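Commentary on secondary and tertiary structure
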Amino acid sequence: MILRALPLCLAALTAACADRDAYPRLLPTAEVLAEPALPAHAAPAATPDGAARTEAAALSRAEALRRRAASLGGPVIEPGLRDRLRGE
């Protein structure tokens, strides 16, 4: 019985190992530890002036979002509708 199952087991193991692209490509240590290169769209932010402009734009956007959130801080359901839903 065991000898009959042996070819089936070997076939299953062979099929399981057929995918040779299962592991990522190994990189040399020098490439892994190298400083990352900035993409082309990030080059303006790499300068001190560009970084200051980027930060100012981000702070401006954050403030605009805070103002918008504060203006939306009212009740979601109008008081009259809430009273009607409660049956009052």
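Residues numbered from 1 in each chain as written. Predicted model: local features only at pLDDT ≥ 70, side-chain atom pairs only at ≥ 80, totals over all residues. Heavy atoms only, no water.

**Observations regarding the overall build of the protein**
Per the secondary structure count, the protein includes 4 helices and 0 strands. In the protein, the succession of helices and strands from N to C terminus is α-α-α-α. Going through the 88 residues of the protein one by one, you find that 2% of them count as buried. With the model as given, the accessible surface of the protein reaches about 8500 Å², and the carbon-plus-sulfur share is 64%. (Helix = DSSP H or I, 4+ residues; strand = E, 2+ residues; numbered from the N terminus. Buried < 20%, exposed > 50% of the residue type's maximum accessible area, 1.4 Å probe, protein only. Areas by Shrake-Rupley, 256 points an atom, 1.4 Å probe, with all protein chains shown as cover.)

**What to know about the pattern of salt bridges**
Oppositely charged side chains can pair when the atoms bearing their charge come close. According to the stated counting rule, one finds 2 salt bridges in the structure shown. Salt-bridge contacts for Glu63 lead to Arg66; the nearest nitrogen and oxygen are separated by 3.4 Å. Here Glu63 and its partner Arg66 are both found in helix H3 (residues 48–71), 3 residues apart, which amounts to about one turn of the helix. Among the residues examined, Arg66 registers a relative accessible area of 54% and is labelled exposed. (Salt bridge = Lys/Arg side-chain N within 4 Å of Asp/Glu carboxyl O.)

**Description of the confidence of the model for the protein**
Per-chain confidence: the protein averages 82 in pLDDT, with 88% of residues scoring 70 or above. Of all secondary-structure elements in the protein, the lowest mean pLDDT belongs to helix H1 (residues 2–16), at 72, while helix H2 (residues 29–32) reaches the highest, 92. (pLDDT = per-residue confidence, 0-100.)

**Quick word on a nonpolar patch on the surface**
A grouping of Val76, Ile77, Leu81 and Leu85 is seen on the molecular surface, where their side chains present a nonpolar patch of about 420 Å² in accessible area. For Ile77, a relative accessible area of 38% translates into the label partly exposed. (Patch = residues over 30% accessible without salt bridge, like charges linked within 9 Å, V, L, I, M, F, W, Y side chains within 5 Å.)

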